[in-house]
Amino acid sequence: MKRNVLLLWSSLLGMLLPGSASALCSGASVQREYREAEWVVRARVVSAINRYNDNPGATYRRLWGDGGPVVRYVLRVQDSYKGRPPREIVFFQERNSGAFYMDRGMKPDIGGSYLLFLNRIPAHPGKPRMARDAMQVRHTCGQSKAWPEVRAKDLAALKRLAGRGRG
């Protein structure tokens, strides 16, 4: 009984206190995200691989991670606003509540175009092979979004930052 009450209390407290999602949702302006990003691009989703394994072996872990759901998108750069990205970019992430999805419903948005503020995934010893040299968005609920959702004023600011005149 005490355990149930403790679990209920912890759950309620967790809903009331700001958590890690507030750290991901920066409220950063286009200018700030531009400054913080390694690359800023308009890119189209070319392919996606979703993986999940609830009992991963050593080979699976080396490639994909601990078995939790992950996605690996391949993106083709349509336009670059910052940096010199290659023609194709690998984008890797865990599928969780803090992720930035390039999906339409439950399926990858193949052919969909996105404005992305990208940074390289930091190196660490246990990083899966499929994440090596991959990119991710810095703020999952920031300025990265589907291209049709980009506001004219934000695109004008982006063009100014990229040195393309008044927008």
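From a predicted model like this one, the values you see are computed outputs, not experimental measurements.

A. Inspection of the nonpolar core at higher detail. Of all hydrophobic cores here, the largest spans 18 residues; its most connected members are Val-41, Leu-75, Ile-89, Phe-91, Met-102, Leu-116 and Leu-118. If sequence neighbours within four positions are ignored, Leu-116 has contacts with Trp-39, Val-40, Val-41, Ala-43, Leu-75, Phe-100, Met-102, Val-137 and Ser-144. Of all hydrophobic cores here, the second largest spans 12 residues; its members include Ala-37, Leu-115, Phe-117 and Leu-155.

B. Molecular detail of the pairing of strand β6 (residues 113-120). Counting buried residues along β6, seven of its eight residues qualify, which places the element largely inside the surrounding structure. Bridge analysis of strand β1 (residues 39-51) against β6 gives six bridges, and the strand direction is antiparallel. Bridge assignment links Val-40 to a residue of β6, and that residue is Phe-117. The sheet contact formed by β6 and strand β8 (residues 145-146) spans two bridges and is antiparallel. Bridging from a neighbouring strand, Leu-115 pairs with Lys-145 of β8. Summarising the sheet, β6 and strand β7 (residues 135-137) pair through three bridges and their orientation is antiparallel. Looking at the pairing, Leu-118 lines up with Val-137 of β7.

C. Examining helix α5 (residues 152-161) more closely. Taken together, the buried positions of α5 are occupied by Asp-154, Leu-155, Ala-156, Ala-157 and Leu-158. On its buried face, α5 sits against α3 (30-36), β1, β2 (70-82), β6 and β8. Remark: Gly-163 follows α5 within two positions and exhibits a positive phi of approximately 75 degrees.

D. Just the packing of aromatic side chains, in detail. Overall, the coordinates contain two aromatic pairs when judged by the stated rule. Directly above the aromatic system of Tyr-34 lies the positively charged group of Lys-82, at a separation of 5.2 Å from the ring centroid.

E. Here's a closer look at the side chain of Lys-145. Within the secondary structure layout, Lys-145 lies in strand β8. The buried charged residue Lys-145 lacks any salt bridge partner; its closest oppositely charged side chain belongs to Asp-154, at an N-O distance of 4.4 Å. In this structure, Lys-145 is in contact with Phe-100, Tyr-114, Leu-115, Val-150 and Asp-154, ignoring residues within four places of it in sequence.

Conventions we followed
- Residues numbered from 1 in each chain as written.
- Predicted model: local features only at pLDDT ≥ 70, side-chain atom pairs only at ≥ 80, totals over all residues.
- Heavy atoms only, no water.
- Core = buried A, V, L, I, M, F, W, Y, C linked by side-chain atoms within 4.5 Å.
- Buried < 20%, exposed > 50% of the residue type's maximum accessible area, 1.4 Å probe, protein only.
- Contact = heavy atoms within 4.5 Å.
- Helix = DSSP H or I, 4+ residues; strand = E, 2+ residues; numbered from the N terminus.
- Pairing = 2+ DSSP bridges.
- Phe/Tyr/Trp six-rings, centres within 6.5 Å; stacked < 30°, edge-to-face > 60°.
- Lys NZ or Arg CZ within 6 Å of the ring centre and 35° of its normal.
- Lys, Arg positive; Asp, Glu negative; His and termini not counted.
- Salt bridge = Lys/Arg side-chain N within 4 Å of Asp/Glu carboxyl O.

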